[in-house]
Amino acid sequence: MEVHRRSTAHRPYPPARKNALLLSCMDLRLIDDLVHFMEGDNLTNRYDQLVFAGAALGVMQPKHQSWRDVFFQHLDIAVELHGVQDVYIMEHRNCGAYVHFLGEQFDFDDTPLGQAAEEVEHRKHAFVLRDAIYAHCEERKRILGDDKLYNITVRSFLMDIRGSVRLLDLDGENYDF
Ligand SMILES: [Zn+2]
């Protein structure tokens, strides 16, 4: 089901109670769509945004390993300054960074088969980062010796070039909205 990107309806997850952090790609076609999507979660001016070419893939790819450090250093600042409790990983279709980092075979076409393969690839990288964020948060709690901070929920999404969004939830189980 596709609904207006500003709508709060049909969002199959609990709303963020506190501040959030959004990881997005740099893609210039989607800047306004990201703002509208966050507005639909009542998060206007309540989220930090980190922009990496390729979003989750960008953070975890091995070509520029410093990007991973940059992400987690900023995540720490977001948590410690703004009490962030929700991290949104926003992947997107037709992502040039996937071709840049992974090669031409990751330039997916618009056939149902191509779209499905694209979603599988994005889910894979989003979940790798999600698991790395959870591991990082557990480590930070251990180092800090208390568990008031770093109680993070990570949600992964896939936006198309129209700005419509799918929640990448459990493996193979997705929701359009
Ligand atoms: Zn992109």
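In case you missed it, the structure is sitting above this.
As a starting point, this report considers the structure included with it. (Residues numbered from 1 in each chain as written. Predicted model: local features only at pLDDT ≥ 70, side-chain atom pairs only at ≥ 80, totals over all residues.)

### Observations concerning the overall build of the protein chain
Move 1: When helices and strands are counted, the protein chain shows five helices and six strands.
Move 2: The linear arrangement of helices and strands in the protein chain, starting from the amino end, is β-α-β-α-α-β-α-α-β-β-β.
Move 3: Burial analysis of the protein chain (177 residues in total) assigns 33% to the buried set.
Move 4: Restricting the contact set of the protein chain to residue pairs at least 6 apart, pairs at least 24 apart contribute 74%. (Helix = DSSP H or I, 4+ residues; strand = E, 2+ residues; numbered from the N terminus. Buried ≥ 20, exposed ≤ 12 C-beta atoms within 10 Å, placed from the backbone. Contact = placed C-beta atoms within 7 Å.)

### With respect to the nonpolar core
One recurring pattern in soluble globular proteins is that nonpolar side chains are buried together.
Move 1: In terms of nonpolar packing, the biggest core is built from 38 residues, with L21, L22, L23, I89 and M90 touching the most fellow members.
Move 2: Of all elements in the fold, only β1 (20-24), α1 (31-40), α2 (56-60), α3 (66-82), β3 (86-92), α5 (112-144), β4 (153-159) and β5 (165-168) reach the threshold of two or more residues within this core.
Move 3: For I89, the residues in contact, after removing those within four places along its chain, are L23, A55, A56, A126, L129, R130, V154, S156 and F157. (Core = buried A, V, L, I, M, F, W, Y, C linked by C-beta atoms within 7 Å.)

### Some remarks on α3
Move 1: Under the 1.5 Å per step criterion, the end-to-end length of α3 is 24 Å for 17 residues, consistent within 8% with the ideal 24 Å.
Move 2: Buried within α3 we find F71, L75, A78 and V79. The arc that holds every buried residue of α3, seen down its axis, measures 95 degrees, which confines them to one face. More than 90 degrees from the buried face of α3, the exposed residues found are S66, D69, Q73 and L81.
Move 3: Downstream of α3 by one or two residues, G83 has phi in the positive range, about 60 degrees. (Expected span 1.5 Å × (residues − 1). Arc of directions from axis to C-beta.)

### A look at the pairing of β5
Move 1: Strand direction decides the pairing type here: β4 and β5, joined by four bridges, are antiparallel. For S156, the partnering residue across the bridge sits in β5 and is L168.
Move 2: From the end of β4 to the start of β5, which pair antiparallel, there are five residues, and G163 there has a positive phi angle of about 95 degrees. (Pairing = 2+ DSSP bridges.)

### Here we look at the pairing of β4
Move 1: The pairing of β3 with β4 spans seven bridges and is classified as parallel. Opposite Y88, over in β4, you have R155 as the bridge partner.

### Observations concerning unusual backbone geometry
A negative phi holds for most residues other than glycine; trans holds for most peptide bonds.
Move 1: A positive phi angle, close to 50 degrees, is found at A55, a residue other than glycine.
Move 2: The exposure class of A55 is buried, given the 31 C-beta atoms found within 10 Å.
Move 3: For N94, which is not glycine, the phi dihedral falls at a positive 55 degrees.
Move 4: Within the secondary structure, N94 sits in the loop between β3 and α4 (96-102).

### Regarding the environment of E138
Move 1: With respect to the helices and strands, E138 occurs in helix α5.
Move 2: Residue classification places E138 among the partly exposed residues on the basis of 13 C-beta atoms within 10 Å.
Move 3: In sequence terms E138 and N151 are 13 residues apart; their C-alpha atoms lie 8.6 Å from each other.

### Quick word on α1
Move 1: Of all the residues in α1, the buried ones are D33, L34, F37, M38 and G40. The buried residues of α1 all sit within an arc of 155 degrees when viewed along its axis, so they share a single face.
Move 2: Remark: N42 follows α1 within two positions and exhibits a positive phi of approximately 55 degrees.

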